[in-house]
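Spelled out from the first residue to the last, the chains are:
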Amino acid sequence: MAAASTLQILFKPYKSSRNPYHNPRRNYSRFMCSVASQSTPKSYKITLIPGDGIGPEVISVAKETLQLVASQEGIQLQFHEVLLGGAALDSTGVPLPDETLSAARQSDAVLLGAIGGYKWDKNEKHLKPETGLLELRAGLGVFANLRPATVLPQLADSSTLKKEIAEAVDIMVVRELTGGIYFGKPRGFGTNDNGEEIGFNTEVYSSSEVDRIARVAFEIARKRRGKLCSVDKANVLEASMFWRKRVTKIASDYPDVELSHMYADNAAMQLIRDPKQFDTIVTNNVFGDILSDEASMLTGSIGMLPSASIGESGPGLFEPIHGSAPDIAGQDKANPLATVLSAAMLLRYGLGQEQAAQRIETAVLETLNKGFRTGDLFSTGKTLVGCKRMGEEVLRVLDSEKPTAVVA
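All figures in this text were calculated on a predicted structure; none of them were measured in a lab. (Residues numbered from 1 in each chain as written. Predicted model: local features only at pLDDT ≥ 70, side-chain atom pairs only at ≥ 80, totals over all residues. Heavy atoms only, no water.)

**Quick word on the overall build of the chain**
Stage number 1. Along the backbone of the chain there are twelve helices and 16 strands.
Stage number 2. With 408 residues in all, the chain has 55% of them scored as buried.
Stage number 3. When contacts within the chain are restricted to residue pairs at least 6 apart in sequence, those whose partners lie at least 24 apart make up 76%.
Stage number 4. Taken as a whole, the chain presents about 17100 Å² of accessible surface, with 51% of it coming from carbon and sulfur. (Helix = DSSP H or I, 4+ residues; strand = E, 2+ residues; numbered from the N terminus. Buried < 20%, exposed > 50% of the residue type's maximum accessible area, 1.4 Å probe, protein only. Contact = heavy atoms within 4.5 Å. Areas by Shrake-Rupley, 256 points an atom, 1.4 Å probe, with all protein chains shown as cover.)

What follows is the structure in structure tokens.
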């Protein structure tokens, strides 16, 4: 594995492309985790975490996609599969086994399917699948979660919004991932002065935590359309007042980026009313959790959206933003494209393999152009396929000599 370095933000001009993932209006910004851009090795260790529910199904498709594109690009990928979440609880009694965290830390990148399910919902907190995921993120130090929400031309009619509102939406949500109310202390259960039982959590951020996520967001905004909206609740929350103060201070280092502030409740409304007003959004852990899921529905289905979680050093964590969908697990109904696109983000942000990432993204677009749709995206006149068949169609396009995507 290449020597880790501080979070690197590398820029290069866009190539001419009709791929909406690569907008020719702006330079392309790439974050790389553990792998340095210079003297990049051709062999990489990838930790696979299928997880629960539909996780194994979508990870299987993504793995096959990675294997094919790696062979085309002369890259060697070594896969190591480990347990997390409910699957780990059933096998080892804990949601994050030591072996899993160790394997993840020693790899060049981690690809995760999904975790959780009804089976473990009543477990104590320390034995919930979600606790394992939070511990993995903290263990890897991946503090910046990048969640693109792009309405593809092929899927503009699939959005829950009117086409004229949804089409051409292109938003990047930058969510702080390892701080805030999900990790703050004190937390727990107790009794108040009236003798009533209470539950409590702490929303807390340090200056270094806010500053580093703000810088990531400003760098991304700088290479997009130069607009950054910081979302908080500074009218009522001291932690948000502090967040706004720090983000505003960091803005002085980025005079070319237009910074605005918006309260979280208004941001939720504006994402539905006029989503095209947003370019890049930066926000804390809990607001980012909510707003990025809301933004995903602008695209037509949460089954289409990938994410990348990166830190100052070490491997990144790449995963679809959807859940484990236990209701359809094992029925070949899942949409694997969010995981396939997460694999593309892994190649780009985790390994620095831009051409391989573009191959996958172009293949996804061409597959959609051919009219193939899983159930979450199906409409009259399209071809309904399952998870496995959708993966096969992506592989078929990848395997062709010159996959092309016509998006107009």
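On we go from here.
**With respect to the pairing of strand S8 (residues 188-191)**
Stage number 1. In terms of strand pairing, S8 meets strand S9 (residues 197-200) through four bridges, oriented antiparallel. What sits directly across from Gly 188, in S9, is Phe 200.
Stage number 2. The antiparallel pairing of S8 with S9 creates a hairpin that spans five residues between the two strands, and Gly 195 there sits at a positive phi of about 80°. (Pairing = 2+ DSSP bridges.)

**Here's the deal with the sheet that holds strand S6 (residues 144-150)**
Stage number 1. Strands sit in the order S4-S3-S5-S14-S13-S6-S7-S12-S10-S11 across an open sheet of ten strands; the sheet is mixed. Two strands bound the open sheet, and with one partner strand each, they are strand S4 (76-81) and strand S11 (258-263). Here the average twist between neighbouring strands, direction ignored, is 25°.
Stage number 2. With three bridges joining them, S6 and strand S13 (residues 306-310) adopt antiparallel strand pairing. Note that in S13 the partner of Ala 144 across the bridge is Ile 310.
Stage number 3. Contacting S6, strand S7 (170-176), strand S10 (227-232), S11 and strand S12 (280-283), helix H6 (residues 207-222) runs over the sheet at an angle of about 165° to S7.
Stage number 4. Of the strands in this sheet, S7, S10, S11 and S12 are in contact with helix H8 (residues 264-273), which crosses S11 at around 105°. (Axes fitted to C-alpha atoms, helices over the stretch in contact; angles between N-to-C directions.)

**Some remarks on helix H1 (residues 55-73)**
Stage number 1. The terminal C-alpha atoms of H1, which comprises 19 residues, lie 26 Å apart, in line with the 27 Å expected from a rise of 1.5 Å per residue.
Stage number 2. Buried residues in H1 make contact with strand S3 (43-51), S4, strand S5 (109-114), helix H10 (337-350), helix H11 (354-369) and helix H12 (387-399).
Stage number 3. Looking one or two residues beyond H1, the residue adopting positive phi is Gly 74, at roughly 70°. (Expected span 1.5 Å × (residues − 1).)

**Details of unusual backbone geometry**
Stage number 1. The peptide bond linking Lys 185 to Pro 186 adopts the cis configuration, its omega dihedral lying at 10°.
Stage number 2. Following the sequence through the fold, Pro 186 ends up in the loop between S7 and S8.
Stage number 3. Located in the positive-phi region is Ala 168, a residue other than glycine, with phi close to 75°.
Stage number 4. Along the polypeptide, Ala 168 turns up in the loop between helix H5 (163-166) and S7.

**Focus on the environment of Glu 73**
Stage number 1. The topology assignment puts Glu 73 in helix H1.
Stage number 2. With 282 residues separating them in the primary sequence, Glu 73 and Gln 355 have C-alpha atoms 8.1 Å apart.
Stage number 3. If we skip the residues at most four places from it in the chain, Glu 73 touches Gln 355, Ala 356 and Arg 359.
Stage number 4. Reaching out from Glu 73, the side chain makes a polar contact with the side chain of Arg 359 at a distance of 2.5 Å. (Polar contact = N/O pair within 3.5 Å; in protein donor to acceptor, adjacent residues only side chain to side chain.)

**What to know about the packing of H8 against helix H9 (residues 285-296)**
Stage number 1. In the contact formed by H8 and H9, the axes pass within 10 Å of each other and the chain directions differ by 10°. Between H8 and H9, the crossing angle belongs to the class labelled roughly parallel. Residues Ala 264, Ala 267, Ala 268, Leu 271 and Ile 272 of H8 form the contact with H9, whose participating residues are Phe 287, Leu 291 and Glu 294.
Stage number 2. Grouping the amino acids of the contact of H8 with H9 by side-chain chemistry returns seven nonpolar, no polar and one charged. (Parallel < 35°, antiparallel > 145°, perpendicular 65-115°, else oblique. Nonpolar A, V, L, I, M, F, W, Y, C, P; charged D, E, K, R; others polar.)

**Side note on the packing of H6 against helix H7 (residues 238-251)**
Stage number 1. Put simply, H6 and H7 touch, their axes get as near as 9 Å, and they point 50° apart. Classified by the angle between their axes, H6 and H7 sit oblique to one another. Of the two elements, H6 crosses H7, and the hand of that crossing is right-handed. Residue-level inspection shows Ser 207, Val 210, Asp 211, Ile 213, Ala 214, Arg 215 and Phe 218 of H6 in contact with H7, the latter providing Phe 242, Trp 243, Arg 246, Val 247, Ile 250 and Ala 251. (Left-handed = near helix turned anticlockwise from the far one by under 90°.)

**Overview of the pattern of salt bridges**
Stage number 1. Per the counting criterion, the structure on display carries 22 salt bridges.
Stage number 2. Among the ionic pairs, Asp 90 bridges to Lys 119, the shortest N-O distance being 2.8 Å. One end of the pair, Asp 90, is in helix H2 (residues 86-92); the other, Lys 119, is in the loop between S5 and helix H4 (129-140), with 29 residues separating them in the sequence.
Stage number 3. Overall, the relative accessible area of 46% leaves Asp 90 in the partly exposed class.
Stage number 4. For Arg 225, the salt bridge identified is with Asp 170, shortest N-O distance 3.7 Å. (Salt bridge = Lys/Arg side-chain N within 4 Å of Asp/Glu carboxyl O.)

**Digging into the nonpolar core**
Stage number 1. In this structure, Leu 111, Val 174 and Phe 218 are the most contacted members of the largest nonpolar core, which totals 71 residues.
Stage number 2. Sort the elements by how many residues they give to this core and H10 lands first, with nine residues.
Stage number 3. Every residue in contact with Val 174, bar those within four places of it in the chain, is listed here: Asn 145, Leu 146, Ile 213, Val 216, Ala 217, Ile 220, Thr 280, Ile 281, Val 282 and Thr 283.
Stage number 4. Membership of the second largest hydrophobic core comes to 22 residues, among which are Ala 149, Leu 161, Cys 229 and Ala 267. (Core = buried A, V, L, I, M, F, W, Y, C linked by side-chain atoms within 4.5 Å.)

Nothing here speaks to function; it is all geometry.
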